[in-house]
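Descriptive analysis of the structure
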Amino acid sequence: MMPPRHRQSMISARWTTHRIMNRSPLQCGSARLGSTLLGVLILFAFGCGESSRQTQVTLWHQMTVGERQLLEDQIRVFEKENPDIRVKTLYKETEELRSGFQAAALAGTGPELVYGPSDSLGAFVTMGIVGDMAPWMERVDLEAFIDQSLTFLTGPGHEQTPWLVQVGDRVGNHLALIYNRNLIDAAPKNTDQLIRFAKEATLDKDADGRVDQYGLVFNFVEPFFVVPFITGHGGWVFDSIDTNAVPVPALDTPEVAAALQFVRDLQQKHKVIPAGCDYDTADTLFKSGQAAMIINGDWSWSEYLNSDTIDAVVAPLPVVSSTGIPMRPMVASKGYSLNANAQGREADAAMTLVQFLTGAESQRAFMDQMKTLPSRTAILQKALSQEDVTLRASAAQKANGLPMPVVAELRAVWDSMRPNYQALLGGSTTPKQASSQMQAEAVEKIRRMNERREPGATAWILQLLAVLLVAGFLYWQRHNWGKLLGDWKKNRLAYLLVAPAILVLLLTIIYPFLYNVVLSFSNMSLRHFQDWQVTGLQNYQQVFSETTFFWVLWKTILWTVVCVFFSVVFGLLLAAALNGPVRGKALYQVLLILPWAIPAYITALTWRGMFDYEYGAVNIIANDVFGLPMVNWLGEPNAAFAACIITNIWLGFPFMMVIALGGMQGIPGELYEAARIDRVSRLGQFWNITLPMLRPVLIPAITLGTIWTFNNLNVIWLVSNGGEPSDKTHILVSYVYKAVFNLYQYGYGAALSMIIFFMLLAFALIFLHRTRATEAI
């Protein structure tokens, strides 16, 4: 981002050059071809017709519930004032918005506008997927904004001329301290007071040995919330940031180690924070009056301030007593960015919407209701002059913050801090070791993120092999082309009827698969997002040279075997029980199929809540009813992996039960009658009659269950929160997802996905062949 002292000259230069002609569409090669073919198919199917005079603008955002309602109100006003523009909004979670926008922009599509914090802009600009907004902004409007609300960045194709890539409607997006005046009288001024106030407010009210009220809560497991402690101890995440050089992390320092020690002591020594406290736990405890203080961002304050349960007050973070330095959170703008694919009327309409939503009336509405700092100088100054306690505290905290680095490498820093910080909380490392490991991993990940691979010796060989394979296939099928042409002349109607299905298969299955094959041999990454090329076998060599791959593969096999085995066992037992004369059989069948019928997303999050250390049903029942020790299910690697397995078995056994029950009902009863005459036991009947007769239906079900479980990203991602703790619960598909969307290693991820595909294909073919599942009994 441009320093404030250069802002006036930058605005003047951008206004003078007025580089409207520099906006060019993305050159996406094969991806654009796929979207074009799909568009042609839709036009062919439904007809072109007369285009609507209305221009539609799609906006992806990550606003909270209260913000969404306010946004819709503002859009309704905008559409009345601009009847020729229709606005469609779509809410997405932060990570979903980031990864979804990258994929859509690569394909030449996506929303015209995206809304979010500025920390993703470094990657977006490097990829070339956001456009320059300056041509639509009047010079007088730009000068009305606060410095940090306008983000100017250089990138590929405009290395010497920064583009305006985000216009913010608010500034801050920062952390602060919120306290409940029903529980404490005033905000702590320093960390000594913070600890003392928190200890006094941490209470076991009913003397049952379990804390009922905590003194302090925040997203304890996320490193973003640790940054104010690091800055308060005199540290920072980067040594320096030069727009012309790769940022250097600064995590292996005494200041960072001291901050990590302080944060760990809050929970383990002072015991003022619940174990495994994540964002939802902290938020719920504070809103329900079970926590005296919370550290959270300005996006959450309106809910606390408007609550009838608590008397919330926003205050700046305290000074670290040992250093005398205030805790300084990261400060960033939130605003709108223009998709580089937006052209013509769509781009004009999108920027008209941006000008409205960043205008004075819209900003005033958000400021009054959400208590966020507006990005227009005049509105903020007027608000602060009216003695609004919350806005004044927020402005003081913002002034005391540090600008969040708008660089793609910040993602590598977070991904390096998170597992080592969680390992520290779990007791498997020391603060010094954690900070040292953070630094080493951050340096390595930044290197890999910025790696520029050139075509190797095998690149031309692969391209030649591809041409030979296509030619060989055409030659192999040479006799069938004439037959196809002759059959087409005889059965044109049949081919026309089946053509839409074939086109859909080509566009949704065959084309993406072949595209992924090509990507697996390419250098597509952060630095080669659009200009990627085939480079050879480098990605495959990298996969097989990493010990992490084999460790994750072993965990994936263990995960698959255990989940499928117990799903089959429980499914068979329940099917056998329901196959007999059972009173209320229909009711039991409905109840037992519910885990499969309920969306996996809901089930996984429900189990995550049940596994919570302090408040989860699993620990409460185990401890209170059976007297068993409490287990930190989500904070200890082996326990977290077991929690994922339990959840997946719960989701998997109903499918096996339904398949087995259907198969059992097709087994002739005469076989069991003959066995009973021969005095064969129930176990013998099951082993010698039921299982062999179920083989034709059970083996394919096991094959499908194995493939589904091997590729089941949802459970791992939702229950363990993306492989936590310390990235120890990953399976291959979650490992691929993180490599692709966190470090932007698209070629590497494609190679890894192809390896997974061939492993599963080999398993399915060998397993079905050896079990003779397709043979009749």
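For the structure, check the block above.
For every chain, the first residue of the written sequence is number 1, and numbering continues from 1 onward in sequence order. With pLDDT at 70 or above as the cut-off, local features in this predicted model cover only qualifying residues; side-chain atom pairs require 80 or more to be listed or tallied, and sums for whole chains, interfaces and linings still use all residues. The side-chain values count all of the structure's non-hydrogen atoms but skip hydrogen atoms and water molecules.

Per the convention used, a helix needs a DSSP run of H or I reaching at least four residues, while a strand needs a run of E reaching at least two, with both numbered from the N terminus. A count of helices and strands for the chain gives 31 helices and 16 strands. Radius of gyration here is computed from C-alpha atoms only, and the compact-globule reference equals 2.2 Å multiplied by the residue count raised to the power 0.38. Taken over the C-alpha trace, the chain has a radius of gyration of 30 Å; the compact-globule value for 777 residues is 28 Å, and the two agree within 12%. Seen through its C-alpha atoms, the chain measures out along the principal axes to roughly 90 × 75 × 55 Å. Contacts were defined at the residue level, with two residues in contact if any of their heavy atoms lie within 4.5 Å. Restricting the contact set of the chain to residue pairs at least 6 apart, pairs at least 24 apart contribute 75%. When the accessible surface of the chain is totalled, it reaches about 36400 Å², and 61% of it is carbon and sulfur. Only the protein chains shown count as covering a residue, and every accessible area follows the Shrake-Rupley method with a 1.4 Å probe.

This part is about unusual backbone geometry. A cis amide bond links Glu-724 to the next residue, Pro-725, at an omega of 0°. Looking at where Pro-725 falls in the secondary structure, it is placed in the loop between α29 (713-719) and α30 (732-741). Look at Asn-173: it is not a glycine, yet its phi comes out positive at around 50°. With respect to the helices and strands, the residue Asn-173 is situated in the loop between β5 (158-172) and β6 (175-180).

Overall, mixed pairing links the four strands, which are arranged β7-β10-β6-β11 in an open sheet. Looking at strand neighbours, the two that pair on one side only are β7 (214-217) and β11 (312-315), the edges of this open sheet. Along the sheet, successive strands turn relative to each other by an average axial angle of 20°, direction set aside. Any two strands with at least two DSSP bridges between them are considered paired. Taken together, the five bridges between β6 and strand β10 (residues 291-297) define a ladder with antiparallel strand orientation. Here the axes come from fitting lines to C-alpha atoms, over the contacting stretch only for helices, and the angles between their N-to-C directions go from 0 to 180 degrees.

Looking now at the packing of aromatic side chains. Two aromatic rings, drawn from Phe, Tyr or Trp (for Trp, its six-membered ring), form a pair once their centres lie within 6.5 Å of each other, and the interplanar angle then sorts them: stacked below 30 degrees, edge-to-face above 60, tilted otherwise. A complete count under the given rule lists 32 aromatic pairs for this structure. With centroids separated by 6.5 Å and ring planes inclined at 65°, the aromatic side chains of Phe-225 and Tyr-279 adopt a geometry described as edge-to-face. Placement of the pair is Phe-225 in the loop between β7 and α8 (227-232) and Tyr-279 in helix α10 (residues 279-287), with a sequence separation of 54 residues. For every residue, the accessible area (1.4 Å probe, protein chains only) is compared with the maximum for its type, and the residue is labelled buried under 20%, exposed over 50%, or partly exposed between those bounds. Its relative accessible area of 4% is what places Phe-225 among the buried residues. A centroid spacing of 5.1 Å and a plane angle of 85° characterise the contact between Phe-565 and Phe-566, whose relative ring orientation is edge-to-face.

In this structure, Val-114 sits in strand β3 (residues 113-117). Other than its neighbours up to four places away in sequence, Val-114 contacts Leu-59, Trp-60, Leu-97, Phe-101, Gly-335, Tyr-336 and Ser-337.

On to the state of the cysteines, then. The criterion for a disulfide is a pair of cysteine sulfur atoms lying within 2.5 Å. For the structure on display, the rule yields zero disulfides. Cysteine Cys-563 is unpaired, with the sulfur of Cys-644 as its nearest cysteine sulfur at 8.9 Å.

So, on to the side chain of Thr-202. As for its placement among the helices and strands, Thr-202 is situated in the loop between α7 (191-201) and β7. A distance of 2.7 Å separates a polar side-chain atom of Thr-202 from the backbone oxygen of Ala-198. Once residues lying within four places of it in the same chain are set aside, the contact partners of Thr-202 are Val-211, Gln-213, Tyr-214, Gly-215, Lys-271 and Val-272. Contacts described as polar in this section are N or O atom pairs within 3.5 Å, which, within protein, must combine one atom able to donate a hydrogen with one able to accept it, while residues neighboring in sequence count only if both atoms come from side chains.

Glancing now at the packing of helix α23 (residues 585-597) against helix α26 (residues 637-664). Where α23 meets α26, the axes come as close as 6 Å, and the angle between the chain directions of the two elements is 130°. In terms of orientation, α23 and α26 fall into the oblique class. For α23 against α26, the interelement crossing comes out left-handed. Facing Gln-589, Leu-592, Ile-593, Pro-595 and Trp-596 of α23, the residues of α26 in contact are Trp-650, Leu-651, Phe-653, Pro-654, Phe-655, Met-657, Val-658 and Leu-661. Under the convention adopted here, Pro, Cys and the residues Ala, Val, Leu, Ile, Met, Phe, Trp and Tyr are nonpolar, Asp, Glu, Lys and Arg are charged, and Gly plus all remaining residues are polar. Tallied by class, residues from the contact of α23 with α26 come to 12 nonpolar, one polar and no charged. Throughout this description, any angle smaller than 35 degrees is read as roughly parallel, any larger than 145 degrees as roughly antiparallel, any in the 65 to 115 degree range as roughly perpendicular, and the remainder as oblique. For any helix crossing, the convention is left-handed if the near helix is rotated counterclockwise from the far helix by under a right angle, and right-handed if that rotation is clockwise.

This part takes up the pattern of salt bridges. Definition used for salt bridges: Asp or Glu carboxyl oxygen within 4 Å of a side-chain nitrogen of Lys or Arg. Applying the stated rule across the entire model yields 23 salt bridges. A salt bridge links Asp-283 to Lys-287; its shortest N-O distance comes to 2.9 Å. One end of the pair, Asp-283, and the other, Lys-287, are both in helix α10, four residues apart, so they sit about a helical turn from each other. Residue class for Lys-287 comes out partly exposed when judged on its relative accessible area of 26%. Here Lys-738 makes a salt bridge to Asp-727, at a shortest N to O gap of 2.6 Å. Highlighted residues: Lys-738 in helix α30 and Asp-727 in the loop between α29 and α30, separated in sequence by 11 residues. An identical accessibility class is assigned to Lys-738 and Asp-727; each is buried. Here the salt bridges do not stand alone but share partners, grouping Glu-67, Asp-169 and Arg-170 into one network.

Right, let's talk about the pairing of β3 for a bit. Buried residues dominate β3, accounting for five of its five residues. In the sheet, strand β1 (residues 55-61) pairs with β3 via two bridges, with the strands oriented parallel. Bridging from a neighbouring strand, Trp-60 pairs with Val-114 of β3. Pairing of β3 with strand β14 (residues 330-338) involves five bridges; the strand directions are antiparallel. Bridging from a neighbouring strand, Pro-117 pairs with Lys-334 of β14.

Before going further, it helps to spend a moment on the nonpolar core. Nine residue types can take part in a nonpolar core, namely buried Ala, Val, Leu, Ile, Met, Phe, Trp, Tyr and Cys, and a core is a set of them joined through side-chain atoms within 4.5 Å. Core analysis: the largest hydrophobic core is formed by 145 residues, its most contacted members being Leu-216, Phe-218 and Met-293. In terms of residue count, helix α31 (residues 746-771) provides more of this core than any other element does, nine residues in total. Leaving out residues up to four positions away in the same chain, Phe-218 has contacts with Phe-225, Phe-229, Val-263, Leu-266, Ile-273, Cys-277, Asp-278, Ala-282 and Ile-295. If you look at the next biggest cluster of nonpolar residues, it comprises 35 residues, including Val-57, Met-133, Ala-134 and Phe-356.

Bringing the packing of helix α20 (residues 492-520) against α31 into the picture now. One way to put it is that α20 packs onto α31 with a least axis distance of 7 Å and a crossing angle of 120°. Here α20 is positioned oblique relative to α31, judged by the angle of their axes. Viewed along their axes, α20 and α31 form a crossing whose handedness is left-handed. Residue-level inspection shows Phe-513, Asn-516, Val-517, Leu-519 and Ser-520 of α20 in contact with α31, the latter providing Gly-747, Ala-750, Ala-751, Ser-753, Met-754 and Phe-757. In terms of residue class, the contact of α20 with α31 is made up of seven nonpolar, four polar and no charged.

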